[in-house]
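Residues per chain are reported as follows:
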Amino acid sequence: MADAAAAVDRVLLAMVAVGAIAVAASEATGERAWLFAAWTAAILLEVVLLIASSSRWADRVLASANVEHLAERFGLLVVIVLGESVLTIVATMNGSWNLASGLSAAVSLAIIGLMAWTFFLYSAESLAAGFESLRERGDVRGIRDTFALLPFLLVAGVAAISGAIAAGIHHPDERMPLASAVSSGGGIALFYLTNAVIALRFGRRPRAVAIWAGTALLLSAGVLAVALTQEVGTALVSAMVALGLIVGLTEVNTRRAARV
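Basis of the calculations
Residues numbered from 1 in each chain as written. Predicted model: local features only at pLDDT ≥ 70, side-chain atom pairs only at ≥ 80, totals over all residues. Heavy atoms only, no water. Helix = DSSP H or I, 4+ residues; strand = E, 2+ residues; numbered from the N terminus. Expected span 1.5 Å × (residues − 1). Buried < 20%, exposed > 50% of the residue type's maximum accessible area, 1.4 Å probe, protein only. Core = buried A, V, L, I, M, F, W, Y, C linked by side-chain atoms within 4.5 Å. Contact = heavy atoms within 4.5 Å. Phe/Tyr/Trp six-rings, centres within 6.5 Å; stacked < 30°, edge-to-face > 60°. 1 Å grid on protein atoms, 1.4 Å probe; cavity = no way out; pocket = protein on both sides within 12 Å on 5 of 7 lines; lining within 4 Å. Points joined across faces, edges and corners; volume = space filled by probe spheres on them. Nonpolar A, V, L, I, M, F, W, Y, C, P; charged D, E, K, R; others polar.

S.K.: Give a description of helix α7 (residues 206–229) that names residues and reports values.
M.R.: Taking 1.5 Å of rise per residue, the 24 residues of α7 would be expected to cover 34 Å, and the 34 Å separating its terminal C-alpha atoms lies within 8% of that figure. Of all the residues in α7, the buried ones are Val 209, Ala 213, Ala 216, Ser 220, Val 223 and Ala 227.

Pasting the structure below:
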C-alpha cells in the first residue's frame, strides 16, 4: 500500500511539473494564443489533480483543517484579483487622459468597489462558519469545491469584468466589442452564480440563495443587453447601477433578517 501511495504521489508531482513547464514554455514563445492555451491546460490539470487526489488527503484535511486560515486564504485571493482590476483601470487610464475616459474610469472603479463590497461585507464573514460546517459534516468534497475549485470561477468572473472595462475606457463613446460586451454581463453573472453555489455548499437555504442569485442573474442579463446595443459609457453605468441594486437589496434583506 505504501509503495502504491508513493507511486501515486510521483504521478501527481509529475503532472504538476508538466503544467508548470507548459506555462514557462508558453511565456518563452511570446505568443499570446499559446500562453492562454497553456494556462487553460494548467488550470484543467490542477482541477483533475484535485479531484483525483481528494480521497487520499480527506482524512488529513478533516483532522487538521484550520477554517480561519482557509477563509483568510480565500479572501486574500479575492483581494489580489480585485487589486489587479484596479491596477488595470489605472494603467488603461494612463494612456487616455480626457474627461470622457476619466468618467469611465471612475465608473469602473465604482464597479470594482461594489464587487468588493458584496464579497467582503456579505461573503467573507460567512466563510469561516461555512468551512467549519463542512468540516463538522465530514464533507471533504464540499471543502475541496469551495476552497480549491470554485475560486477559479470567482476569479474568472472578476477578470472578465476587468477585461471588458479595460477595453472600453479608451473609447467610451463607441460600442463595446462583442467579446467585451459578453464579458461584462457574463462576468457579473459568473461572480454571483459562483457565490450562490458556494453558499449552497455551505448549507444555506436554497430559497434564500435563489432570491439574491436570481436577482443578480436578471440584472446581469440587463447589463449584457445594454452592452450589446449601447455605447461603452452607457454599458459601464448600467453595470454600476446593477451592482448597486444588488448590494442595496442584499443590505435590505440582511437587516430584515436580523430583525426577525
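S.K.: Outline the nonpolar core, supporting the account with residue identities and numerical values.
M.R.: Judged by nonpolar contacts, the single largest core of 44 residues is most densely connected at Phe 74, Ile 111, Met 115, Phe 131, Ile 165, Met 176 and Leu 243. At the level of elements, α3 (67–93), α4 (99–137), α5 (140–169), α6 (178–201), α7 and α8 (232–259) are the ones that each hand at least two residues to this core. Among the elements that line this core, the one with the most residues is α4, at ten residues. Apart from residues no more than four positions distant in its own chain, Leu 243 is found in contact with Ile 111, Leu 114, Met 115, Ile 188 and Tyr 192.

S.K.: Can you explain the packing of aromatic side chains? Please cite residues and give values.
M.R.: Under the counting rule described, the total for this entry stands at one aromatic pair. With a centroid separation of 5.1 Å and an interplanar angle of 85°, the aromatic rings of Phe 191 and Tyr 192 are classed as edge-to-face. Here Phe 191 matches Tyr 192 in class, with each residue buried.

S.K.: Summarise the layout of surface pockets; cite the residues concerned and give the values.
M.R.: When its volume is computed, the second largest pocket comes out at roughly 560 Å³. If you go around the second largest pocket, you meet ten residues; those closest to its centre are Phe 36, Trp 39, Ile 43, Ala 156 and Ala 159.

S.K.: How would you explain the side chain of Thr 194 if you had to name every residue and give the values?
M.R.: Turning to its location among the elements, Thr 194 is positioned in helix α6. Residue classification places Thr 194 among the buried positions, given a relative accessible area of 2%. In this structure Thr 194 touches Leu 150, Leu 153 and Leu 154, once residues within four positions along its chain are discounted.

S.K.: Which residues make up empty space enclosed by the protein, and what values go with them?
M.R.: Under the counting rule described, the total for this entry stands at two cavities of 30 Å³ or more. Volume-wise, the largest cavity comes out at about 50 Å³. Forming the walls of the largest cavity are Ile 111, Ile 161, Ala 164, Ile 165, Met 176, Ser 184, Ile 188, Ala 235, Leu 236 and Ala 239. Elements with a minimum of two residues in the lining of the largest cavity: α5, α6 and α8. Within the lining of the largest cavity, the residues separate by chemical class into nine nonpolar, one polar and no charged. Taken as a whole, the second largest cavity encloses approximately 40 Å³ of empty space. Elements represented by at least two residues in the lining of the second largest cavity include exactly α3 and α5. When grouped by side-chain class, the residues that make up the lining of the second largest cavity number six nonpolar, no polar and no charged.

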